[in-house]
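Residue-level structure breakdown
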Amino acid sequence: QVQLVESGGGLVQPGGSLRLSCAASGFTFSRYAMSWYRQAPGKERELVATVTSGKNTNYVDSVKGRFTISRDNAKNTVYLQMSSLKPEDTAVYYCNARILVGTSPNDYWGQGTQVTVSS
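This write-up is about the structure you can find in this document.

The rules behind each value
Numbering of residues begins from 1 in every chain and follows the order in which that chain's sequence is written. With the structure being a predicted model, the display of local features is reserved for residues of pLDDT at least 70 and the display and counting of side-chain atom pairs for 80 or more, all residues being used for whole-chain, interface and lining totals. Computation of side-chain values covers all heavy atoms of the structure but excludes hydrogens and water. Put simply, DSSP H or I for four residues or longer makes a helix, DSSP E for two residues or longer makes a strand, and each gets a number counted from the N terminus. Each radius of gyration is computed over the set of C-alpha atoms, and the globule rule expresses the reference value as 2.2 Å times the number of residues to the power 0.38. For each residue, the accessible area found with a 1.4 Å probe, counting protein chains only, is set against the maximum for its type, and the residue is called buried under 20%, exposed over 50%, and partly exposed in between. It only takes one pair of heavy atoms within 4.5 Å for two residues to be counted as in contact. Only the protein chains shown count as cover for residues, and the accessible areas themselves come from Shrake-Rupley with a 1.4 Å probe. Strands pair, by our definition, only if DSSP identifies at least two bridges between them. Cysteine sulfur atoms are paired as a disulfide whenever they come within 2.5 Å of each other.

**Re the overall build of the chain**
Counting its regular elements, the chain contains zero helices and eleven strands. Moving toward the C terminus, one meets the helices and strands of the chain in the order β-β-β-β-β-β-β-β-β-β-β. Its C-alpha atoms give the chain a radius of gyration of 14 Å, near enough to 14 Å, the size a compact globule of 119 residues would have. Judged by the C-alpha coordinates and their principal axes, the chain covers about 45 × 25 × 25 Å. A total of 119 residues make up the chain; the buried ones form 39% of that total. The long-range fraction of contacts in the chain, counting pairs at least 24 apart against all pairs at least 6 apart in sequence, stands at 53%. Carbon and sulfur atoms form 45% of the exposed surface of the chain, whose accessible area is close to 6400 Å².

Written as C-alpha cells, this is what we have:
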C-alpha cells in the first residue's frame, strides 16, 4: 500500500524559509521520480518541482532559484527546501509519486501540508 506523508508546513513571513518533507512507503522509492505540487485557493493544482530517480531536478519558473527539491533514498524521503518565500507561494503542498501498475502509471498523493506566507 503506497503511502505519502507530508510534514513541515506552517506560517512564515515573506522572505522566510521552510522545509517540507514527504515520507514514502509501500513501493521501491529509489526507482521513481518524486514531485511536489501545490494548490492555492481557487486555482488548479500545479507542478512545482520534480526529482528523478537519477536525482535530476526540474522546477516551475516561478520557484527557480528559490526552491530546492532533493531526495534521500536511504530514508525514502523527498524534501522541498523553500527560501525567499512570497505571499503567492501560499498553497497546500502535495507530494506525488507516479508509479507503474502493470503498464499503467498511477498517481499517488499525500494528504497535503498548508504553507502560508504572510506578515
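From this point, the narrative continues.
**Description of the pairing of strand β4 (residues 34-39)**
Along β4, five of the six residues are buried, which leaves the element largely enclosed by surrounding structure. Two strands pair when backbone bridges link them, and β4 and strand β5 (residues 46-51) are joined in this way by five bridges, in the antiparallel orientation. Within β5, the position partnered with S35 by the bridge is T50. Relative to strand β9 (residues 91-101), β4 is paired through six bridges, and the arrangement is antiparallel. Residue pairing for β9: W36 is matched across the bridge by C95.

**Let's talk about the state of the cysteines**
Evaluated as defined, the whole model comprises one disulfide. What pairs with C22 in a disulfide is C95, and their sulfur atoms sit 2.1 Å apart. With the S-S bond torsion at -80°, the cross-link from C22 to C95 turns out left-handed. Linking C22 in strand β3 (residues 18-25) with C95 in strand β9, this pair joins segments that are 73 residues apart in sequence. Here the two residues C22 and C95 agree in accessibility, since each one is buried.

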